[in-house]
Amino acid sequence: MDRGRLEAFSDGVFAVAITLLVIDLAVPEPGRGALGQQFASHWPSFAAYVVSFFTIGIIWVNHHNMFRNFADVDRPMLFLNLLLLFFVVTIPFATATVAAYLREGGADASLAAAVYQGVFLGMSLVFGTLFWWSIRHKHLTVPLTGTAARTALIRFTIGNLAYAAAIGVAYFSAPVSLLMSALVAVYYVFEQTPARTPEPTDAEPEDAEPADG
């Protein structure tokens, strides 16, 4: 499949998922108390919305950065990408769930936070598998081997450990678990995939010899 077509389809899914997040934001109602108090009482909705919005946005950015480094796309990569999108479109459901139960506390809040982190973990595992497949089967424009491949894979997939830990933390403190997701998002704001080697320009051909003197 043409890489551009895959990215266009993925972009549409990302746009739908990130838009669905706003639907579950609670709208303050006149006569139900002071506006500031209503905003404060619905803090879980806003906190979960912010974390999920930026997480989906960062996934989209890194998805674009990763695919621009692919020389070609094979059939398994199409299905891995489809599985990645499965978890992405589940994020709004997980966000609404954790927002509904976070303020109540107790076992239900812990389970809701664990489900939320579980969706992120599934997304992260598939994303990492997609990157591993591209390295293993040499789909990158600049192939990675040996130490460079292992380093790139560790940097790209280390978020899996954080999401797995956040599932355990959810049973001690659901808000701290949510904070861990925010910290993972901050980590992935920075480029974690190897940059492509700049292509030579017409003025500087690839095999040009340095000038004397």
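Bear in mind the structure is a predicted one, so any value in this text is a computation, not a measurement.

Caption draft 1: Seen up close, the environment of Tyr-49. When you line up the elements, Tyr-49 lands in helix 3 (residues 43–67). Residues Tyr-49 and Ile-18, 31 residues apart in the sequence, show an inter-C-alpha distance of 9.5 Å.

Caption draft 2: The packing of aromatic side chains, seen in detail. This model, assessed by the stated rule, comprises 10 aromatic pairs. Between Tyr-116 and Phe-120 the ring centres are 4.7 Å apart and the planes differ by 55°, which places this aromatic pair in the tilted class. Of this pair, Tyr-116 and Phe-120 are both found in helix 5 (residues 106–136), 4 residues apart, which corresponds to roughly one turn of the helix. For Tyr-116, a relative accessible area of 1% gives the class buried. Counting every residue linked through ring pairs, the aromatic cluster contains Tyr-49, Phe-53 and Phe-54.

Caption draft 3: Expanded view of the packing of helix 3 against helix 5. Here helix 3 crosses helix 5 at 5°, and the two axes come no closer than 12 Å. Considering the angle they form, helix 3 stands roughly parallel to helix 5. Residue-level contacts link Ala-48, Val-51, Ser-52, Thr-55, Ile-59, Asn-62, His-63, Met-66 and Phe-67 of helix 3 to Tyr-116, Phe-120, Met-123, Phe-127, Leu-130 and Phe-131 of helix 5. Of the residues assigned to the contact of helix 3 with helix 5, the class counts are 11 nonpolar, 4 polar and no charged.

Caption draft 4: Layout of unusual backbone geometry. Positive phi outside glycine occurs at Lys-138, with the angle close to 55°. A relative accessible area of 56% means that Lys-138 is categorised as exposed.

Caption draft 5: Just the nonpolar core, in detail. In terms of nonpolar packing, the biggest core is built from 52 residues, with Ile-56, Met-66 and Met-123 touching the most fellow members. No other element matches the 14 residues that helix 5 contributes to this core.

Caption draft 6: Expanded view of a nonpolar patch on the surface. Taken together, the side chains of Phe-93, Leu-111, Val-115, Tyr-171 and Phe-172 present a nonpolar region at the surface, about 590 Å² in accessible area. Look at Phe-172 and you get exposed, because its relative accessible area is 77%.

Caption draft 7: Empty space enclosed by the protein, seen in detail. Evaluation of the coordinates by the stated rule reveals 2 cavities of 30 Å³ or more. Here the largest cavity defines a volume of roughly 160 Å³. Taken together, 13 residues line the largest cavity, and the ones lying closest to its centre are Ile-59, Asn-62, Met-123, Phe-127 and Tyr-188. Listing elements by their share of the lining of the largest cavity, those giving two or more residues are helix 3, helix 5 and helix 8 (174–189). Classifying every residue of the lining of the largest cavity by side-chain character gives 9 nonpolar, 4 polar and no charged. Within this model, the second largest cavity holds a volume of roughly 50 Å³. For the second largest cavity, the full set of lining residues is Leu-21, Asp-24, Leu-25, Ser-45, Tyr-49, Thr-95, Ala-96 and Ala-99. Only helix 3 and helix 4 (75–102) provide two or more residues apiece to the lining of the second largest cavity. The dominant element in the lining of the second largest cavity, judged by the number of residues it contributes, is helix 4, at 3 residues. When grouped by side-chain class, the residues that make up the lining of the second largest cavity number 5 nonpolar, 2 polar and 1 charged.

The rules behind each value
Residues numbered from 1 in each chain as written. Predicted model: local features only at pLDDT ≥ 70, side-chain atom pairs only at ≥ 80, totals over all residues. Heavy atoms only, no water. Helix = DSSP H or I, 4+ residues; strand = E, 2+ residues; numbered from the N terminus. Phe/Tyr/Trp six-rings, centres within 6.5 Å; stacked < 30°, edge-to-face > 60°. Buried < 20%, exposed > 50% of the residue type's maximum accessible area, 1.4 Å probe, protein only. Axes fitted to C-alpha atoms, helices over the stretch in contact; angles between N-to-C directions. Parallel < 35°, antiparallel > 145°, perpendicular 65-115°, else oblique. Contact = heavy atoms within 4.5 Å. Nonpolar A, V, L, I, M, F, W, Y, C, P; charged D, E, K, R; others polar. Core = buried A, V, L, I, M, F, W, Y, C linked by side-chain atoms within 4.5 Å. Patch = residues over 30% accessible without salt bridge, like charges linked within 9 Å, V, L, I, M, F, W, Y side chains within 5 Å. Areas by Shrake-Rupley, 256 points an atom, 1.4 Å probe, with all protein chains shown as cover. Salt bridge = Lys/Arg side-chain N within 4 Å of Asp/Glu carboxyl O. 1 Å grid on protein atoms, 1.4 Å probe; cavity = no way out; pocket = protein on both sides within 12 Å on 5 of 7 lines; lining within 4 Å. Points joined across faces, edges and corners; volume = space filled by probe spheres on them.

Spatial relationships are all this shows, so hold off on functional conclusions.
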